[in-house]
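Summary of structural features
What follows is each chain in one-letter form.
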Amino acid sequence: AGPFPVRATTAATPLPSAVRPVAGRGVSVGAGAGLALQLHADRLVLRPEAGCTLGQACASEIELAGAVSVRSAGLQLRAGRVAVSLDARGRPYRVRAVEGVVMQFGARSGRADELVLLAHPRRVTLRGNARLEHAEQGLALRGSWIEVDLENGAVIVQRAEVALP
């Protein structure tokens, strides 16, 4: 599988049915169960799992590099590199971002060396120099890792430092 431009409306490599190029808006991934994502990047590579043959439904991974942005149900993410894990039906279930990770979710913004977004349960984990700020409450959290439950807003911080207003 070779790389192709993300903003293209056609692809040289067959994409899972849940992955659709969207003219001028990057690539749309997922629908229904799992994560629905809008992806933008300078480069995209689709890698089917080892042993998968053309035409066979297989798990795969989308690797994005260069000015990557991801949108998913109110979550916005920017990073240098992102990997999206897809199940055999092409539905995304995990997103891993590295290199200058910046995230925005409502009034919360975060930064870290690495971010992992999971579909079930729907949560984000920031790792390495993790920071999370809540603009409405004036809270600033730091820790070795920070986990945010995107359904109920619960936050867990490992080795926490908190700045209160």
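For the structure, check the block above.
We now turn to the structure provided with this report. Worth saying up front: this structure is predicted, and the values here are computed from it rather than measured.

To continue, consider the overall build of the protein chain. Along the protein chain, the regular secondary structure elements total zero helices and 12 strands. Looking at the 165 residues of the protein chain, the share that counts as buried comes to 39%. Taking contacts inside the protein chain between residues at least 6 apart in sequence as the whole, the part at least 24 apart equals 37%. Roughly 8,600 Å² of accessible area belongs to the protein chain as shown, and the carbon and sulfur atoms make up 49% of that amount.

A few words on the environment of glutamate 161. Mapping glutamate 161 onto the fold places it in strand β12 (residues 161-163). Each residue touching glutamate 161, except ones within four places of it in the same chain, is listed here: Ala140, Leu141 and Arg142.

Below, the discussion takes up the state of the cysteines. In total, this model carries one disulfide according to the counting rule given. Note on cysteine connectivity: cysteine 52 is disulfide-linked to cysteine 58, with sulfurs 2.0 Å apart. Between cysteine 52 and cysteine 58, the S-S dihedral sits near 95°, and the bridge is therefore right-handed. Here cysteine 58 falls in the buried class, since its relative accessible area comes to 10%.

Conventions and cut-offs
- Residues numbered from 1 in each chain as written.
- Predicted model: local features only at pLDDT ≥ 70, side-chain atom pairs only at ≥ 80, totals over all residues.
- Heavy atoms only, no water.
- Helix = DSSP H or I, 4+ residues; strand = E, 2+ residues; numbered from the N terminus.
- Buried < 20%, exposed > 50% of the residue type's maximum accessible area, 1.4 Å probe, protein only.
- Contact = heavy atoms within 4.5 Å.
- Areas by Shrake-Rupley, 256 points an atom, 1.4 Å probe, with all protein chains shown as cover.
- Disulfide = S-S within 2.5 Å.

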